Structures are given as structure tokens and as C-alpha cells.
Amino acid sequence: MTEDDGPHTGGARFRDVLADPQFFALWLAQLLSVLGDQVARVALAVLVYTETASAGLTALTYALTFLPDLVAGPLLSGIADRAPRRLTMVVSDLLRAAVLALMAVPGMPFWALCLLVVAGQLIAAPFAAARAAILPHVLTGERYLVASAVSGTTYQSGQVLGFALGGPLVALVGVPVALLGDAVTFVVSAAILQFGVAEQRATGAAESAAGLREGARIVVGDRRLRALVALACVSAFVVTIEGLAAPYAATLGGGPVAVGLLLAANPLGAALGIVLLARLVPPARRDRLLGPLAVASCVPLIASALHPPLAAVVTLWVVSGLACAYQVPANAAFVAAVPDAHRGQAFGLAVTALRVTQGLGVLLAGVLAEATGPAVAVAIAGGVGVLVALGCALAWSRARSG
């Protein structure tokens, strides 16, 4: 890649948006947090599976990182439309650092660990809504679309590095130190946001109850927004591989390093897929690819029924991740279509649907894995996911043409 041929959308390139000081601060804070989070997820998966030797309990703990959004999405995301958005992100980061520090206390009971996982996810909801709402004010037009691609690539790449390095790191330093390291990343992220991003408030923000009703009305009343949310929720079938990574690795005779490789596989594919979409596919064509890519994201999981070796499983999950890149343009299209005064609330409602379906998917896959084994559970999730994705793709096609 030469200096002038970086990934682009129209006339803007990745390096163009990274040159913006405020977006660079948002990007750097995101990178630090994602890296720390993925190391922490490896640590939690190893800790729970080591203590319980149960695929179901391991999946339950992972599901707890999704299910709190059933409450947090509708009730807490609206904070981003009422409170200053930078302040919302900074306070959320500091609170999450405190939660992780408590999780690192040696001998923490399993029930207390579960409560802290729930607390951390509750705090994450207003942060995500505030970041999604502030980004269209930092960069607009084509630069916003590229910024969304950069954010998506960073998230997936950070997952790859965090998961891949998380296994050896947890094996080297232990679970408590890994969790404390994640806490530090949130403190640094808060400082970067405080001094690198200008404060911003929603224009014409509504009161809490009215904002919730209006946000719901906007999402439910627009067939395009409904179809975009449905396509995003297809990931509920793909994310089962993350919840079952530790028991799946155990069936293959692997330890923490194998867990990290399995967790890193799908994000690696997604990071590559996002770059390919941004570089090779014009914006006007991306909408038409959302449905087919959603279906394709589930197909490789079906091959897990053949019980392939670790290298083949990693390859299959990378291929699935390539197709999962459709989530980034779908997310950008959703945020851009919602009025600013209700952007945080509408985003929170969409995330609620996404995260709750993901959590239920992981939880049900864990129960299924207890009866069938992790490989068969993943294969079943892939097969059902293909059927659901076909229906969502049809709904999106009708919404686009309507």
C-alpha cells in the first residue's frame, strides 16, 4: 500500500479522518479500551472454565456481558441525549475502571463476579450511545462513513490483538493482573477523551420519558431502520463461538492460547472485511450486500459439525468474520438516519435488540453444548442463523425498494 492508496470511501481515506484531532482522540481511546477488554474476556473465560469445568456456566458468564442491555439500552442510553456527551463517556470509563479493579480482587465469589460483569455492561450502554451520537458532529458526509469504517476496523483489530495476546498474557501474569490492566486502559481512555474531544450536547434534546417514546417510535416506525436492526441481530448466531471458545478449545486439547486464537479468529476476518468493503465497494453498492453478507456470516459455522482440527476451525471462523463486516455500513446507515435529538436513545434501543439477542444466543448455545458438545452446538447455531438471515435479507431488500 502506498502513501496515496489507502482504503477509502469516495474521496476520503482512512488517514484523512485520522488526521482530525478529535477523531484521533476518539480512535485512540477506543483502541486502548478494546485491547484491554479482550484480554479481560480471555481472563474471565479461563477463570470460569477452570473453576467450574462447565461449558454452560462459561457461556452464562459470557452471556452476562450482553443481557444487561435489556435494561441499559432503553433506560440508560438516553443519558447521551440529555447530559453532555463527552462527560458521559469520561464518567463511564472511570466507573468501568472501578468495576474491573473489584473483579481483580483474589477469591472473588462467582456470584459477585457475575454481578460485577452485569454492572460493567450497564455502564457501557451510555458510553456507546454517547460515542455513536458525537461522531457525526466530529466528521460529516463521506468522512463520517470512513470514520465508521475506521472505528469498525479498530474494534475488530483490537479484538484480534487482545484475544491473540490475551491467552499468553493471562497464562504469564494471571487473571487478577490482566483485569487490573484492563482497568488502567479505561483510566487512560477517560483522560484522552477529556483533553482531546470537545464537549457536545444533543440539539433539541427531549426529557427522559418522551425521549424513550420518541426513540422507539422512530425505530419501530421506519421499515428501513427495523430491517437494519434485524440484520444486525443475525450476529446472535455468530457470537455463540465466543461464548463457547473455552470449552471448544478444551475439546481440541488446547489451553489459554487456543482460547485466544479461537476468540481472535472472527474479529480478524471482520477487520479484513471492513477494509475490503471500504476500499473496493462504492457506498451505493454496500446496501445491496448487507443481506447476502449476513447469510454468508453463518454458513462457515455449519462445518463445525465435522469436528475439524484447531487450524481449520480458526480458518472457518475467519471466513465468517469476513462476512460480518456488513455490520459497519449497517450501523453507519442507522445512526445517520436518526435525528440528532434522539440519536443516543435510538442507538441504545438498537443496541438493546442486538445485545439481548446475542446474549440469548450465547446462553442457549451453552445449554445446547452441555448436551451435544461445543462443535455441534456451533454448527446448529450456524444452520439456524442461515435461515433467519435469509428472512432478514428479504426484509431489507423490500425496505430498500419500498
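Thresholds, definitions, all that
- Residues numbered from 1 in each chain as written.
- Predicted model: local features only at pLDDT ≥ 70, side-chain atom pairs only at ≥ 80, totals over all residues.
- Heavy atoms only, no water.
- UniProt positions renumbered as here; feature names shortened; annotations may be inferred.
- Helix = DSSP H or I, 4+ residues; strand = E, 2+ residues; numbered from the N terminus.
- Buried < 20%, exposed > 50% of the residue type's maximum accessible area, 1.4 Å probe, protein only.
- Areas by Shrake-Rupley, 256 points an atom, 1.4 Å probe, with all protein chains shown as cover.
- Axes fitted to C-alpha atoms, helices over the stretch in contact; angles between N-to-C directions.
- Parallel < 35°, antiparallel > 145°, perpendicular 65-115°, else oblique.
- Left-handed = near helix turned anticlockwise from the far one by under 90°.
- Contact = heavy atoms within 4.5 Å.
- Phe/Tyr/Trp six-rings, centres within 6.5 Å; stacked < 30°, edge-to-face > 60°.
- Lys NZ or Arg CZ within 6 Å of the ring centre and 35° of its normal.
- Nonpolar A, V, L, I, M, F, W, Y, C, P; charged D, E, K, R; others polar.
- Expected span 1.5 Å × (residues − 1).
- pLDDT = per-residue confidence, 0-100.
- Core = buried A, V, L, I, M, F, W, Y, C linked by side-chain atoms within 4.5 Å.

Identification of the protein as MFS transporter from Actinomycetospora rhizophila is taken from an unreviewed UniProt entry. Note on the protein: under the UniProt heading Subcellular location (unreviewed entry), the record states "Cell membrane".

### Some words on the overall build of the protein
When you go through the protein residue by residue, the secondary structure sums to 20 helices and two strands. Looking at the 402 residues of the protein, the share that counts as buried comes to 56%. Of the roughly 15700 Å² that the protein leaves accessible, carbon and sulfur atoms contribute 71%.

### Quick look at the packing of helix α16 (residues 283-298) against helix α17 (residues 310-324)
α17 packs onto α16 with a crossing angle of 165 degrees between their chain directions and a minimal axis gap of 7 Å. Here α16 is positioned roughly antiparallel relative to α17, judged by the angle of their axes. Note that α16 runs across α17; the crossing there is left-handed. Here Leu 293, Ala 296 and Ser 297 of α16 lie close against α17, whose contacting residues are Ser 320, Ala 323 and Cys 324.

### A closer look at the environment of Leu 28
Here Leu 28 lies in helix α2 (residues 21-52). Residues Leu 28 and Ile 192, spaced 164 residues apart in sequence, show a C-alpha to C-alpha distance of 7.8 Å.

### Brief notes about the packing of aromatic side chains
By the definition in use, this model includes two aromatic pairs. On the numbers, 5.4 Å between centres and 90 degrees between planes, the contact of Tyr 248 with Trp 317 is edge-to-face. A residue pair is termed long-range when its members are at least 10 positions apart, and Tyr 248 in helix α14 (residues 245-251) and Trp 317 in helix α17 qualify at 69 residues. Taken as a pair, Tyr 248 and Trp 317 share a single burial class, namely buried. Sitting over the face of the ring of Phe 127, Arg 96 holds its NZ or CZ atom 4.6 Å from the ring centroid.

### Quick look at the packing of α16 against helix α20 (residues 374-401)
The interhelical angle for the contact between α16 and α20, taken along N-to-C directions, is 170 degrees, at an axis separation of 7 Å. Taken together, the axes of α16 and α20 are roughly antiparallel relative to one another. Residues Asp 287, Arg 288, Leu 290, Gly 291, Ala 294, Val 295 and Cys 298 of α16 pack against Gly 382, Gly 385, Val 386, Ala 389, Leu 390, Ala 393, Trp 396 and Arg 400 of α20. Split by residue class, the contact of α16 with α20 holds nine nonpolar, three polar and three charged.

### Quick look at helix α9 (residues 175-196)
Here α9 contains 22 residues, and its C-alpha end-to-end distance of 32 Å stays within 8% of the 32 Å for a straight helix at 1.5 Å per residue. If you check which residues of α9 are buried, you get Val 175, Ala 178, Leu 179, Asp 182, Ala 183, Thr 185, Phe 186, Ser 189, Ala 190, Ile 192 and Leu 193.

### Describing the confidence of the model for the protein
In this model, the protein carries a mean pLDDT of 80, and residues with pLDDT of at least 70 account for 85%. Confidence, read as mean pLDDT per element, is least for strand β1 (residues 8-9) in the protein (41) and greatest for α17 (93). Every residue in residues 1-10 scores below 50 in pLDDT, and together they form 24 contacts with partners more than four places removed in sequence or on other chains. Segment residues 205-210: pLDDT under 50, and seven contacts once partners within four positions in sequence are set aside and those in other chains are kept.

### Topic: the nonpolar core
If you look at the biggest cluster of nonpolar residues, it comprises 71 residues, and the most contacted ones within it are Met 103, Leu 179, Leu 262, Trp 317 and Phe 334. Here Leu 179 is in contact with Ala 40, Ala 43, Leu 100, Met 103 and Ala 104, once residues within four sequence places are set aside.

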